[in-house]
Structures are given as structure tokens and as C-alpha cells.
Amino acid sequence: MMMMMTHLIVVGAQWGDEGKAKVVDQLAEFADMVVRSQGGSNAGHTVKFKGETFKFHHLPSGLLYEEKACVIGPGVVLAPHFLKEELDSIHAKGYSTKNLKISDRCHITFPYHVAQDKQQETLRSSHNGSKIGTTGKGIGPTYMDKVGRMGIRVADLFESEITLKTQLQTILTQKELTELFTLETLYTLALEYKAILAPYACDTLALLQDALKAGKQLLFEGAQGTLLDVDFGTYPFVTSSNATAGGACTGTGVGPSKIDATLGVMKAYLTRVGEGPFPTELSDTVVGERICEIGVEYGTTTGRKRRVGWFDAVIARFGVEVNGLDGIALTKLDVLDSFETIDVCTGYVHVETGAHYDRLPTSLATLSQLKPVYETHQGWLADTTACQTFEALPPNCQAYVKRLEVLMDCPVWMVSVGPDREQTLMRRHPFALEKV
Ligand code: IMP
């Protein structure tokens with residue numbers, strides 16, 4: 001296939017865990033650089049490579065290709081001790097991380113952020129039962145300090161002792177942490193973080209801009225998903241970064257005019273971890289349990305059982321619009337192989353007024369009053385995991401995918417029917433430049 005120079009964003013177009021890592025790992029073969037732009041240790045990306053399973057949190061999924069540069073952009077927040085565990089586990093398996101570059105603008109998660117995350121969750125639960133169900137990694141508080149202009153960036157760790165200590169002391173006082181941490185404890189931690197980050201830290205903006213000028217091909221790897229985006233997700237049940245496509249630009253310093261295409265990853269059904277609304281939820285039903293078991297729906301970062309439900313076309317259309325998706329990678333289609341019937345939500349109806357909704361409302365109170373309107377598809381009752389082309393899929397299976405394309409108003413470029421790289425049916429390669 002003829003490849004053209006393309007800069008591609010890959011985002012999760014549902015509630016995260018759509019299978020982005022497999023898609024990115026596969027597409028990384030065609031890119032020169034894989035770039036992360038937001039999130040941090042909350043992300044959980046599972047990559048299968050040469051028979052081994054790798055679980056990435058901070059690290060870009062392309063890291064196992066030793067000749068590719070992997071970049072962590074300024075929009076990512078870092079938990080250095082946790083990052084070290086990830087790096088150590090990769091080294092233990094005999095792989096190098098010499099091509100990893102971490103932005104010196106990234107903000108750092110300190111233990112007080114993790115403590116604050118847990119404390120906020122406890123308070124939310126006891127006050128009104130509305131805890132978010134965070135991953136407990138300190139993500140929200142780290143971004144709060146970043147926006148509140150009292151964060152510590154990677155570059156700050158490399159300042160002189162007096163400068164760094166002054167900054168840490170200001171934070172201790174401003175955040176009223178003096179009873180919990182001494183300046184010396186934080187300073188010692190900061191030095192440990194510096195040692196972990198030193199081999200990788202640099203100005204990634206310069207690196208990326210030079211790469212663009214040199215005609216290198218960039219692949220931007222999103223974390224979490226559209227419905228977890230702090231501006232567009234089901235707020236407040238969201239993460240604290242922009243998980244939508246725009247975040248790839250603000251989180252790396254690569255301007256929108258440089259992006260050629262955006263690929264959204266969606267499961268052929270729907271999952272969510274943590275609290276918050278989920279109109280098509282099937283958890284605690286026989287069908288839901290079956291999807292969960294067949295799809296092995298347990299979180300990579302926390303091991304939590306994921307909530308599962310039918311494909312929701314309202315949410316999918318929302319993802320297409322807010323990310324400006326050019327194409328979709330539809331994953332885990334094989335999980336539906338044994339279902340006699342498969343429902344798809346095409347819109348919602350208000351339980352009291354009977355009003356029809358084909359868009360996601362902003363108000364969660366309104367959303368909780370909406371029931372899905374389903375259309376029922378006949379299943380295909382056949383194993384799709386060995387299919388090599390889209391045309392080889394059973395007719396009902398092809399019809400299901402084609403119907404989703406109509407409902408989403410976006411073409412499905414890739415279909416995944418299993419965890420291995422070979423189990424991907426490519427209808428249009430995302431790195432081919434011409435738009436369909
Ligand atoms: P936080 O990002 O830890 O603050 O968690 C906020 C919400 O985002 C919770 O509902 C988490 O379960 C969810 N979340 C965070 N990261 C991921 C992810 O990588 N996949 C799926 N859900 C996530």
C-alpha cells in the first residue's frame with residue numbers, strides 16, 4: 001500500500017478502555033514518533049508484543065519499537081516512582097527505553113496529590129454519595145495545582161537547591177501541608193524524581209517541531225476517552241484533562257493545522273469504569289455478565305470490573321463531532337459473536353415528557369431521566385476471530401458494522417476481532433492521506 005506523510009491523532013471515543021493501545025501499537029509501525037499528550041498514571045494500555053503482555057500507564061504504546069521516538073508531551077502529568085516501575089518492568093523483559101523523551105514542562109504528582117485524591121473521594125462519598133470513582137492516582141489534584149499555578153514541573157527539579165526549596169516551601173505553606181510533610185522530605189523526594197527523569201527529560205517542543213520540519217510522521221496517542229474529557233464528558237464524572245482530539249495539540253505544542261486525520265477508537269459495545277451516568281448499562285443482567293466475561297472487562301490500572309452496556313449511537317455521534325473524527329477503529333467485535341440478538345441505542349426518550357433526544361444533554365439530571373431507544377439486530381452466531389478481511393465476516397456482522405457507520409455518520413476504517421495484531425481488518429489505512 002502507498003503510504004503518504006500523515007500526522008494522525010488516535011483518541012478514545014467512548015469512556016476509555018476502547019482498545020487504543022492495540023490500535024496505536026499497530027499503527028506505530030508506520031510512524032516515526034508516538035506522542036502522548038494528556039493523562040498520566042491513570043491510563044492503562046495493554047499491549048501484546050511477541051507473545052508477551054505489557055501494561056503501560058504513562059508510556060506511549062509505541063515504545064516497544066526500538067527505532068521509534070516516543071514522546072511524553074507537556075499535557076501529561078507524571079508520577080515518577082510509578083513511572084520507574086513501568087520502566088523497570090520493560091528493562092526486565094530485555095527492552096530498551098533509550099528512545100523515550102519526556103517534556104520538561106510536564107507536571108509532577110507528589111504524594112500529597114494522591115492523599116488529596118483519596119480524601120476528596122471519601123468526602124464525596126460521605127457527603128452525598130457522589131464519589132467519582134477515580135483511579136486514586138492523584139490525577140485531579142495534580143491538574144488542579146497546575147491550573148492553580150502551584151505545580152512542580154520537571155524543569156523545576158533541575159533548578160538550584162535554593163530555587164527548588166523556595167518553590168517547595170511556598171507550596172507547603174499555600175496548601176497548608178506543613179503538618180504532613182517537612183521541606184526536607186519533599187526536597188529528598190524531588191531529588192529522587194530528578195534522578196528517575198534525568199535520562200529522559202528534554203524540551204520536547206523543540207524535538208517535535210524539528211521532526212515536523214524534517215518530514216517525520218507523528219502518531220498522537222490519546223488516553224482515557226471522549227466522555228471522560230473535562231470539558232465535554234459527563235462532568236463531574238470525568239478525568240481532569242482534555243481526552244478529546246484538541247488535547248493532542250494543546251498537550252504537545254503541535255498546532256491543529258499540522259494534523260491530517262483523527263481516528264476514534266470505539267468498542268462494538270460500551271464500557272465504563274468509575275461512577276456516573278451510563279444510559280445503556282447492562283451491569284447485573286445476564287447479558288451484561290456475559291459481555292463482561294467474554295470481553296474480560298477488568299481495568300488495567302485498578303483491576304476494577306468494568307460496567308458494560310450496548311453500543312450507544314448518541315454517544316458515538318457525540319464522539320465523531322467533538323473530535324472531528326475522520327474514521328473509526330471498531331474493536332472487540334468478536335465479543336458479540338455468540339449473541340443471538342444485539343441491541344443498539346439510536347436515541348433517548350424522556351421518561352416523563354416522552355420527548356425524543358438524539359443528542360447528549362449537558363445536564364446529568366436530565367440524562368438520568370432518559371431511557372435508550374433500541375433497535376435490535378440479529379446476531380451472527382459465528383466465530384469471527386480468524387477472519388482476515390471485512391468481506392469474510394458473516395453477513396449479519398457486516399450489516400451491524402455498516403449500520404453503525406450510518407448511525408454515527410462516520411466510516412469504520414479498522415475492525416478488530418481479537419487481541420493480536422493479525423486480528424485487525426483494515427478497510428482503509430489511517431495513514432493513507434486521501435480522505436474517503
Ligand atoms: P481519574 O482520572 O483517576 O481522576 O479518574 C476519573 C474518572 O476517569 C474515573 O471514572 C476513572 O475510572 C476514569 N478513568 C481514568 N483513567 C481511565 C482510563 O484510562 N480508562 C478508563 N477510565 C479511566
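This structure is a prediction, so every number in the text was calculated from the model and none was measured.

Conventions and cut-offs
Along each chain, residue indices are assigned from 1 in the same order as the chain's sequence is written. Under the rules for a predicted model, residues below a pLDDT of 70 receive no local features and side-chain atom pairs below 80 are neither given nor counted, while totals for whole chains, interfaces and linings still include all residues. Excluding hydrogens and water, the side-chain figures rest on all heavy atoms present in the structure. Side-chain rings of Phe, Tyr and Trp (the six-membered ring for Trp) are treated as a pair once their centres are within 6.5 Å; stacked means planes under 30 degrees apart, edge-to-face means over 60, and tilted covers the remaining angles. Every helix listed is a DSSP run of H or I at least four residues long, and every strand listed is a run of E at least two residues long, numbered separately from the N terminus. Using a 1.4 Å probe on the protein chains alone, a residue whose accessible area is under 20% of its type maximum counts as buried, one over 50% counts as exposed, and one in between counts as partly exposed. A positively charged side chain is recorded as over a ring if its NZ (Lys) or CZ (Arg) lies within 6 Å of the ring centre. The angle to the ring normal must also be within 35 degrees. Definition of nearness: a residue and a molecule or strand are near each other if at least one heavy atom of the residue lies within 4 Å of the molecule or strand. Any pair of nitrogen or oxygen atoms within 3.5 Å is treated as a polar contact; in protein, a donor-acceptor pairing is required on top of that, and neighbouring residues in sequence qualify only through side-chain atoms on both sides. Each accessible area is a Shrake-Rupley result for a 1.4 Å probe, and residues are judged covered by the shown protein chains and nothing else. When residue character is reported, Ala, Val, Leu, Ile, Met, Phe, Trp, Tyr, Cys and Pro are called nonpolar, Asp, Glu, Lys and Arg charged, and the others, Gly included, polar. An automatic or database domain assignment supplies the start and end points of every domain. By arc we mean the arc of the directions from the helix axis to the C-beta atoms, nothing more. The contact definition used throughout considers only heavy atoms, calling two residues in contact when any of these lie within 4.5 Å. Pairing between two strands requires that DSSP report at least two bridges joining them. Each reported salt bridge corresponds to a side-chain nitrogen of Lys or Arg within 4 Å of a carboxyl oxygen of Asp or Glu. When two components associate, each loses some accessible surface as probed by a 1.4 Å sphere; the sum of these losses over both components is called the buried area.

**Regarding the packing of aromatic side chains**
Item 1. Under the defined criterion, the tally for this structure stands at 10 aromatic pairs.
Item 2. Ring geometry for Tyr112 and Phe181: centres 5.9 Å apart, planes at 70°, overall edge-to-face. Within this pair, whereas Tyr112 is found in helix 3 (residues 111-128), its partner Phe181 is found in the loop between helix 6 (161-174) and helix 7 (183-197), the two being separated by 69 residues in sequence.
Item 3. What makes Tyr112 buried here is its relative accessible area of 4%.
Item 4. Ring centres 5.8 Å apart and planes at 50° place the aromatic pair Trp380 and Tyr400 in the tilted group. Taken together, the positions of Trp380 in the loop between strand 18 (370-378) and helix 13 (395-408) and Tyr400 in helix 13 put the pair 20 residues apart, joining distant regions of the chain. For the pair Trp380 and Tyr400, one class covers both residues: buried.
Item 5. In this structure an aromatic cluster arises from ring pairing among Phe49, Phe54, Phe56, Tyr65 and Tyr95.
Item 6. Across from the ring centre of Tyr65, 5.5 Å away, lies the NZ or CZ of Lys68, which sits over that ring.

**Observations regarding the site of the ligand**
Item 1. The ligand sits among 16 residues. The nearest are Asp17, Asn42, Thr135, Thr239 and Arg304.
Item 2. One nitrogen or oxygen atom from the side chain of Thr135 is found 2.6 Å from an oxygen atom belonging to the ligand.
Item 3. Here a nitrogen atom of the ligand sits 3.2 Å away from a polar atom, N or O, in the side chain of Gln224.
Item 4. Isolated, the ligand exposes 460 Å² of accessible area, and the fraction of that covered by the protein chains is 97%.
Item 5. Per-class residue counts for the shell around the ligand are 6 nonpolar, 8 polar and 2 charged.
Item 6. Here the shell around the ligand gathers at least three residues from each of two domains, domain 1 (2-102 + 203-434) and domain 2 (107-199).

**Here we look at helix 8 (residues 204-213)**
Item 1. Within helix 8, burial applies to Thr204, Leu208, Ala211 and Leu212. Burial along helix 8 is one-sided: seen end-on, the buried residues are contained in an arc of 100°. Of the exposed residues in helix 8, the ones pointing more than 90 degrees away from its buried face are Asp210 and Lys213.
Item 2. Summarising the contacts, the buried residues of helix 8 are in contact with strand 2 (33-36), strand 5 (69-72), strand 7 (100-103), strand 9 (201-202) and strand 10 (218-221).
Item 3. Sitting at the amino-terminal end of helix 8 is Asp203, which places a side-chain oxygen 3.1 Å from the backbone nitrogen of Leu205.
Item 4. Where helix 8 terminates, the next one or two residues include Gly215, which has phi positive at roughly 75°.

**A closer look at the pairing of strand 16 (residues 341-350)**
Item 1. Buried residues dominate strand 16, accounting for 8 of its 10 residues.
Item 2. Here strand 16 runs beside strand 18; their pairing, made up of 9 bridges, is antiparallel. Opposite Thr341, over in strand 18, you have Gln378 as the bridge partner.
Item 3. Sheet analysis places strand 16 next to strand 17 (residues 356-357), joined by 2 bridges and oriented antiparallel. Bridged to Tyr348 within strand 17 is Tyr357.
Item 4. Between strand 16 and strand 17, which pair antiparallel and follow one another directly, the connecting turn spans 5 residues, one of which, Gly354, has a positive phi of 75°.

**Here's the deal with the pattern of salt bridges**
Item 1. Under the defined criterion, the tally for this structure stands at 19 salt bridges.
Item 2. Among the ionic pairs, Asp203 bridges to Arg105, the shortest N-O distance being 3.1 Å. Placement of the pair is Asp203 in the loop between strand 9 and helix 8 and Arg105 in the loop between strand 7 and strand 8 (107-108), with a sequence separation of 98 residues.
Item 3. Judged by relative accessible area, Asp203 falls into the partly exposed class, the value being 33%.
Item 4. Among the charged side chains, a salt-bridge network with shared partners connects Asp17, Lys267, Glu297, Arg306 and Lys332.

**Brief notes about the domain arrangement of the protein chain**
Item 1. Taken domain by domain, the protein chain holds domain 1 (2-102 + 203-434) and domain 2 (107-199).
Item 2. Computed from C-alpha atoms alone, the centre-to-centre distance between domain 1 and domain 2 is 29 Å.
Item 3. Tallying the contact residues gives 28 residues for domain 1 and 21 residues for domain 2.
Item 4. Buried area between domain 1 and domain 2, summed over both chains or domains, comes out near 1900 Å², and the portion from carbon and sulfur atoms is 65%.
Item 5. Between the two partners, domain 1 and domain 2, sit 0 salt bridges.
Item 6. Inspection of the region where domain 1 meets domain 2 yields 7 residue pairs in polar contact (both at pLDDT 80 or more).
Item 7. Secondary-structure elements contributing two or more residues to the side of domain 1 that touches domain 2 are strand 6 (77-78) and helix 2 (80-92).
Item 8. Looking at the side of domain 1 that touches domain 2 element by element, the count peaks at 5 residues for helix 2.

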